[in-house]
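Residue strings, one per chain:
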Amino acid sequence: MRWLSGFGINAHFLFCLTPLGRAKVEDLINPEEWEFLVEQIIKKMPQLSSKTDIICEIHHLKGEEKINIIEAGCRLDTKNHAVITAEGNVYPCSLFTSSDKSLGNVNNEDLFSIWQNSKMWNFYNRKNDDPDCENCDRFNKCKGGCRGYAFLFGKGIDKKDPRCSKTSYPVCLSWKLNIKDLKLACATWRVMRR
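Residues numbered from 1 in each chain as written. Predicted model: local features only at pLDDT ≥ 70, side-chain atom pairs only at ≥ 80, totals over all residues. Heavy atoms only, no water.

Undergrad: Please explain the overall build of the protein as it appears in this structure.
TA: Along its length, the protein carries 8 helices and 10 strands. For 194 residues, the compact-globule estimate of 2.2 N^0.38 gives 16 Å, and the C-alpha radius of gyration of the protein, at 18 Å, lies within 12% of that figure. By its C-alpha atoms, the protein is 50 × 40 × 30 Å across when sized along the principal axes. Among the 194 residues that make up the protein, the fraction classed as buried is 42%. Considering only contacts within the protein whose residues lie at least 6 apart along the sequence, 61% involve residues at least 24 apart. Each charge class in the protein was averaged separately, 29 positive and 24 negative side chains, and the resulting centres sit 5 Å apart. (Helix = DSSP H or I, 4+ residues; strand = E, 2+ residues; numbered from the N terminus. Rg over C-alpha atoms; globule rule 2.2 N^0.38 Å. Buried < 20%, exposed > 50% of the residue type's maximum accessible area, 1.4 Å probe, protein only. Contact = heavy atoms within 4.5 Å. Lys, Arg positive; Asp, Glu negative; His and termini not counted. Charge placed at Lys NZ, Arg CZ, Asp CG, Glu CD.)

Pasting the structure below:
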């Protein structure tokens, strides 16, 4: 962090590995290790007199954090995010880009039509029906966690996020935390000061 702040760069990003493409589930860092890393960075931040924003993924919340949540919501629900692969396939979330769940292909149809009319939205619109979530007191905060992560781990888009634990609840992988001022949002640009 000291080394990076000496360059006068606007932002430094810390992202965790996501099990897409060649990355495997067994390659992932466990949530406790990632949480420990983020906590250590938060502790060190006041010692730096830097203008560099340090932005990191945040995968879990406990509910008592002193974080300013600017924007939240699953991209599958807000429908405000599109991923278009090099092959032209369109997805509402990057966690599905290794799947056969494309909304359509921009080489065959215009993006607006794909976004408005794809029958694959029936798949993406499925909500959590996991029996483990029915009586959970954190369900109103997490809604079962990330549907993309549940899908990637083979549980199913309508099942609970496998990262759920007794002490914290999982959040969308797109959530980014600015360590400097503890702003949290789904969009990276919303947490940056520039």
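Picking up where we left off.
Undergrad: Would you take a moment to explain the pairing of strand S2 (residues 53-57) for this structure?
TA: Within a regular beta strand, the side chains point alternately toward one face of the sheet and then the other, so they alternate between its two faces. Within S2, 5 of the 5 residues are buried, leaving the element largely enclosed by the surrounding structure. Taking every second residue as pointing to the same face, both faces of S2 are buried, with Asp53, Ile55 and Glu57 on one and Ile54 and Cys56 on the other. In this sheet, S2 lies alongside strand S1 (residues 11-14) in parallel orientation, the contact comprising 4 bridges. Along S2, the bridge assignment pairs Leu14 with Cys56. Pairing geometry for S2 and strand S9 (residues 176-178), over 3 bridges, is antiparallel. By the bridge assignment, Ile55 is partnered in S9 with Asn178. (Pairing = 2+ DSSP bridges.)

Undergrad: Is there a simple way to think about the sheet that holds strand S4 (residues 68-69) in this case?
TA: Backbone-to-backbone hydrogen bonds join strands into a sheet, with any given pair of strands oriented parallel or antiparallel. In spatial order, the strands read S1-S2-S9-S10-S4; together these 5 strands make up an open sheet with mixed pairing. Because the sheet does not close on itself, it has two edges, and the strands there are S1 and S4.

Undergrad: Explain the pattern of salt bridges to me, please; I cannot follow it from the model alone.
TA: Between side chains of opposite charge, a pair can form when the charged atoms approach closely. Applying the stated rule across the entire model yields 8 salt bridges. Ionic pairing is found between Asp100 and Lys101, a salt bridge with its closest N-O pair at 3.6 Å. Among the ionic pairs, Arg163 bridges to Asp161, the shortest N-O distance being 2.6 Å. The exposure class assigned to Arg163 is buried, which follows from its relative accessible area of 9%. Within this structure, Asp77, Lys127 and Arg147 form a network of salt bridges that share partners. (Salt bridge = Lys/Arg side-chain N within 4 Å of Asp/Glu carboxyl O.)

Undergrad: Teacher, can you tell me more about the nonpolar core here?
TA: Within soluble globular proteins, side chains that are nonpolar generally end up buried alongside one another. Of all hydrophobic cores here, the largest spans 19 residues; its most connected members are Ile58, Leu61, Trp175, Leu177, Ile179 and Leu184. For this core, the leading source of residues is helix H2 (residues 31-44), giving 3 residues. Among the nonpolar cores identified, the runner-up in size contains 17 residues, and Leu76, Cys93, Tyr124 and Tyr149 belong to it. (Core = buried A, V, L, I, M, F, W, Y, C linked by side-chain atoms within 4.5 Å.)

Undergrad: Whenever I open this one, the packing of aromatic side chains confuses me. Can you help?
TA: Within a pair of aromatic rings, the relevant descriptors are the distance that separates the centres and the angle that separates the planes. For the structure on display, the rule yields 9 aromatic pairs. Aromatic side chains Phe96 and Tyr124 sit 4.9 Å apart centroid to centroid with 90 degrees between the ring planes, which places their arrangement in the edge-to-face category. Placement of the pair is Phe96 in the loop between strand S6 (89-91) and strand S7 (104-105) and Tyr124 in helix H5 (residues 121-124), with a sequence separation of 28 residues. With relative accessibility at 0%, the residue Phe96 sits in the buried group. Residue classification places Tyr124 among the buried residues on the basis of a relative accessible area of 0%. Across from the ring centre of Phe15, 5.0 Å away, lies the NZ or CZ of Lys176, which sits over that ring. (Phe/Tyr/Trp six-rings, centres within 6.5 Å; stacked < 30°, edge-to-face > 60°. Lys NZ or Arg CZ within 6 Å of the ring centre and 35° of its normal.)

Undergrad: Before we go on, may I ask you to explain a nonpolar patch on the surface in this structure?
TA: A surface patch of nonpolar side chains, about 370 Å² in accessible area, is lined by Trp3, Phe7 and Ile9. With respect to the helices and strands, the residue Phe7 is situated in the loop between helix H1 (2-5) and S1. (Patch = residues over 30% accessible without salt bridge, like charges linked within 9 Å, V, L, I, M, F, W, Y side chains within 5 Å. Areas by Shrake-Rupley, 256 points an atom, 1.4 Å probe, with all protein chains shown as cover.)

What is shown is where atoms sit, not what they do.
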